[in-house]
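# Structural description and commentary
Letter by letter, the chains look like this.
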Amino acid sequence: RKEVEQDPGPFNVPEGATVAFNCTYSNSASQSFFWYRQDCRKEPKLLMSVYSSGNEDGRFTAQLNRASQYISLLIRDSKLSDSATYLCVVRSGGYQKVTFGIGTKLQVIP
Amino acid sequence: NAGVTQTPKFRVLKTGQSMTLLCAQDMNHEYMYWYRQDPGMGLRLIHYSVGEGTTAKGEVPDGYNVSRLKKQNFLLGLESAAPSQTSVYFCASSLPGALLETQYFGPGTRLLVL
């Protein structure tokens, strides 16, 4: 089983739709969780950290479910500019123990 | 602030050639990292450094060497390039301490080994 698993997609959704991605992790001792966004042929950039109580940033909501070992990202009212690949990132220990998922590709269609 | 910069942006090598990738950051970050990204795989850590003069192996270190002689620079070397090293290489930096620290990435170097 991979340490961090994501559905690679692509998820094709119309503008204005709500879309959710999940990411599962295998190490129950994982300590911190993040969602990064990566545009085509660009570097990853932090979208949001995922707090234990869940957190929201505008149209984006991230949640953590430690019991089931997954994190989720919800995007409401999708915009064309949301089209990108969303990387799930999990840290399990020292700073070298950061594991990236393969990413989920989102394509928002006009 | 330029953030994290990488040189070169793109390079084509022949098998057996050597090269050095340069990463520079102007954010005074202690930690620096080198990753490679391949289709169908997540970013994988090659080497990392927790401070000037220190380096350590990551998940896929074979075939690569690194040096951190200055805090702001982190060099990745390929002594004898192989086609399996064709990839996109990203450098990143971060501040230590906070559990939820952010990694800041450079724009990447695309390497093709023929």
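Residues numbered from 1 in each chain as written. Chains lettered and ligands numbered in written order. Predicted model: local features only at pLDDT ≥ 70, side-chain atom pairs only at ≥ 80, totals over all residues. Heavy atoms only, no water.

## Focus: the interface of chain A and chain B
If you look at the interface, chain A gives 20 residues, while chain B gives 23 residues. Where chain A abuts chain B, roughly 1,800 Å² becomes buried across the two surfaces, and 58% of that area is made up of carbon and sulfur atoms. Where chain A packs against chain B, one counts 0 salt bridges. Across the chain A-chain B interface, the total number found is 3 residue pairs in polar contact (both at pLDDT 80 or more). Secondary structure elements with two or more residues in the side of chain A that touches chain B: strand 4 (32–38), strand 5 (44–50), strand 9 (84–91) and strand 10 (98–100) of chain A. Broken down by element, the side of chain A that touches chain B gets its largest block of residues, 4 residues, from strand 4 of chain A. (Contact = heavy atoms within 4.5 Å. Buried area = accessible area lost by both parts, 1.4 Å probe. Salt bridge = Lys/Arg side-chain N within 4 Å of Asp/Glu carboxyl O. Polar contact = N/O pair within 3.5 Å; in protein donor to acceptor, adjacent residues only side chain to side chain. Helix = DSSP H or I, 4+ residues; strand = E, 2+ residues; numbered from the N terminus.)

## A closer look at the environment of C88(A)
Residues and elements named next belong to chain A. Mapped onto the elements of the fold, C88 is located in strand 9. What makes C88 buried here is its relative accessible area of 0%. Considering only alpha carbons, one finds C88 and K45, 43 residues apart in sequence, at a separation of 12 Å. Leaving out residues up to four positions away in the same chain, C88 has contacts with V4, Q6, C23, F34, W35, I71, T99, F100 and G101. (Buried < 20%, exposed > 50% of the residue type's maximum accessible area, 1.4 Å probe, protein only.)

## Topic: empty space enclosed by the protein
All chains considered together, the criterion is met by 2 cavities of 30 Å³ or more. The space that makes up the largest cavity amounts to roughly 50 Å³. Taken together, F34(A), Y36(A), V89(A), R91(A), V98(A), F100(A), E101(B) and Q103(B) make up the full set of residues lining the largest cavity. Split into classes, the residues belonging to the lining of the largest cavity amount to 5 nonpolar, 1 polar and 2 charged. When its volume is computed, the second largest cavity comes out at roughly 30 Å³. What lines the second largest cavity is simply E3(A), V4(A), Y25(A), S26(A), N27(A), S30(A), V90(A), S92(A) and T99(A). Class assignment for the residues of the lining of the second largest cavity results in 3 nonpolar, 5 polar and 1 charged. (1 Å grid on protein atoms, 1.4 Å probe; cavity = no way out; pocket = protein on both sides within 12 Å on 5 of 7 lines; lining within 4 Å. Points joined across faces, edges and corners; volume = space filled by probe spheres on them. Nonpolar A, V, L, I, M, F, W, Y, C, P; charged D, E, K, R; others polar.)

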